[in-house]
Amino acid sequence: MLWRGFMPDFRVFELEERHFALAYPLARSAAGVSLPRWQAYARQVTLQGGGVLGVESQDDCFYGLAAFRTQETLRHGPALSVDVLAAIDLSSDRPVRSVLCTRLDEIARERGLDSIILTLRPGRVSAGWNGCELAADTIGYLRSLAGPSARPNR
């Protein structure tokens, strides 16, 4: 998929293992992990039938990253789980985010899924679990592709 606009052309594609280290700065910005941890995680995701998307420009630099896999959830059934997402957008049109989200929607539909669950690090969020000494580490967001009426209660 190619996005054309005021920015350079962007290409979104599934990364092979040889690309994992090149995409590491984006993984570090999204998850704050070391290079060996990122590479091990990305390998594991792909071995489990998921993948890692990269968004690259004509200058061969990575501007976007998303790691995904199918996950069974209690509330939503099978969903596309995305737990690493990073985008560097230098335009208010957000072309990098746009191509990542479009491709994730396509992957979810190709797999017959009607939901995407995205896990991000929180900004300022109160966990509400102070008595248990828990803190907000990630926040989950849901995107329904089929609409709530299309999903049966499971």
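Residues numbered from 1 in each chain as written. Predicted model: local features only at pLDDT ≥ 70, side-chain atom pairs only at ≥ 80, totals over all residues. Heavy atoms only, no water.

Student: Whenever I open this one, the environment of Phe 13 confuses me. Can you help?
Tutor: Relative to the helices and strands, Phe 13 resides in strand 2 (residues 10-14). Taking the C-alpha atoms as reference points, Phe 13 and Leu 100, separated by 87 residues in sequence, lie 9.4 Å from one another. Ignoring anything within four residues of it in the chain, the contact list for Phe 13 reads His 19, Val 52, Leu 53, Gly 54, Glu 56 and Phe 62. (Helix = DSSP H or I, 4+ residues; strand = E, 2+ residues; numbered from the N terminus. Contact = heavy atoms within 4.5 Å.)

Student: Explain the packing of aromatic side chains to me, please; I cannot follow it from the model alone.
Tutor: The final tally for this structure, using the stated rule, is 4 aromatic pairs. On the numbers, 5.6 Å between centres and 70° between planes, the contact of Phe 10 with Tyr 63 is edge-to-face. Residue Phe 10 is found in strand 2, and its partner Tyr 63 is found in strand 4 (residues 62-73); the two are separated by 53 residues along the sequence. Across the pair, exposure class does not vary: Phe 10 and Tyr 63 are buried alike. Among the aromatic residues, those joined into a ring-pair cluster are Phe 20, Trp 38 and Tyr 41. Here the guanidinium or amino end of Arg 11 rests over the ring plane of Phe 13, the centre of that ring lying 3.9 Å away. (Phe/Tyr/Trp six-rings, centres within 6.5 Å; stacked < 30°, edge-to-face > 60°. Buried < 20%, exposed > 50% of the residue type's maximum accessible area, 1.4 Å probe, protein only. Lys NZ or Arg CZ within 6 Å of the ring centre and 35° of its normal.)

By themselves, these observations are geometric and do not establish any function.
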